Amino acid sequence: MTIEDKIDITASVSLAKKTVLNVIYSQNAILDKLNEALKPFDISAEQFNVLRILRGQKGCPANMCVIQERMIAKTSNTTRLVDKLLIKELVTRNVCPENRRKIEVLITKKGLNLLTELDPKIIENEDYFCSNLTLEELDQLNFLLEKFRNNINK
């Protein structure tokens, strides 16, 4: 189904507009499915992203700047996200002994266990969206999306 059919556009649109609408619509579809998978675990996509960043630290703490730099959604309020993860006991937060103005965040065992439980569900979700594309098409899509996005960062 075309994007025009999906969102009921009857007027002619430029190829550039169609492309941007397709990217936005696809992003929202992916996020909706991700949020559906995360909902039973009482965790948002942004909180999930923070946990994955912290797991990637392999036992080393990350400060708020590092977390913010690696976030997929750069507009997220990192402090608020970490506060919510603290309440759920999925992370710890400590003042850096060398620099008292720096806060270090570390994923807990409970946080790691949650990610271990979520991993197969997330992989299933990713596979769902990619299932009708060949490996070559996935490579091409990634290449084109990176080219598309890199134009934004010029």
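Calculation rules
Residues numbered from 1 in each chain as written. Predicted model: local features only at pLDDT ≥ 70, side-chain atom pairs only at ≥ 80, totals over all residues. Heavy atoms only, no water. 1 Å grid on protein atoms, 1.4 Å probe; cavity = no way out; pocket = protein on both sides within 12 Å on 5 of 7 lines; lining within 4 Å. Points joined across faces, edges and corners; volume = space filled by probe spheres on them. Nonpolar A, V, L, I, M, F, W, Y, C, P; charged D, E, K, R; others polar. Pairing = 2+ DSSP bridges. Helix = DSSP H or I, 4+ residues; strand = E, 2+ residues; numbered from the N terminus. Contact = heavy atoms within 4.5 Å. Axes fitted to C-alpha atoms, helices over the stretch in contact; angles between N-to-C directions. Phe/Tyr/Trp six-rings, centres within 6.5 Å; stacked < 30°, edge-to-face > 60°. Lys NZ or Arg CZ within 6 Å of the ring centre and 35° of its normal. Salt bridge = Lys/Arg side-chain N within 4 Å of Asp/Glu carboxyl O. Buried < 20%, exposed > 50% of the residue type's maximum accessible area, 1.4 Å probe, protein only.

### A short note on the layout of surface pockets
Item 1. Its volume calculated, the largest pocket comes out at about 2000 Å³.
Item 2. As for the largest pocket, its lining consists of 42 residues, and the residues nearest its centre are V23, S26, Q27, I30 and L145.
Item 3. Looking at the lining of the largest pocket residue by residue, the classes come out as 24 nonpolar, 11 polar and 7 charged.
Item 4. The volume enclosed by the second largest pocket comes to roughly 150 Å³.

### Re the sheet that holds strand β2 (residues 91-95)
Item 1. With antiparallel pairing, 3 strands are arranged side by side in an open sheet as β1-β3-β2. Since the sheet does not close on itself, it has two edges, and those belong to β1 (62-63) and β2, each with one partner.
Item 2. Two elements, β1 and strand β3 (residues 103-107), share 2 bridges in a ladder whose sense is antiparallel. Among the inter-strand pairings, N63 is bridged to a residue of β3, identified as E104.
Item 3. Sheet contacts for helix α3 (residues 45-55): β1, β2 and β3; angle to β3, the most-contacted strand, approximately 90°.
Item 4. Here helix α5 (residues 78-87) sits on the sheet in contact with β2 and β3, set at roughly 120° to β2.

### Section: the packing of aromatic side chains
Item 1. This model, assessed by the stated rule, comprises 1 aromatic pair.
Item 2. An angle of 85° between the planes, with centres 5.1 Å apart, marks the rings of Y128 and F129 as edge-to-face.
Item 3. Lying over the aromatic face of Y128, K33 brings its terminal NZ or CZ to 4.6 Å of the ring centre.

### A look at the pattern of salt bridges
Item 1. On inspection of all chains with the given rule, the structure shows 4 salt bridges.
Item 2. A salt bridge links R55 to D119, with the nearest nitrogen and oxygen atoms 2.9 Å apart. You can see R55 sitting in helix α3 and its partner D119 sitting in helix α6 (residues 109-130), a full 64 residues away along the chain.
Item 3. Given the relative accessible area of 29%, R55 is considered partly exposed.

### Regarding the pairing of β3
Item 1. Relative to β3, β2 runs antiparallel, the two being bridged by 5 bridges. Bridging across to β3, N94 finds its partner in E104.

### Regarding the environment of L118
Item 1. Tracing the sequence through the fold places L118 in helix α6.
Item 2. Not counting residues up to four positions away in its chain, the partners in contact with L118 are A37, L38, F41, I43 and F48.

### Focus: unusual backbone geometry
Excluding glycine, most residues fall at negative phi; most peptide bonds, likewise, are trans.
Item 1. Look at D42: it is not a glycine, yet its phi comes out positive at around 55°.
Item 2. Its location among the elements puts D42 in the loop between α2 (15-38) and α3.
Item 3. Within the chain, K58 stands out as a residue other than glycine whose phi angle is a positive 50°.
Item 4. For K58, the location among the structural elements is in the loop between α3 and β1.

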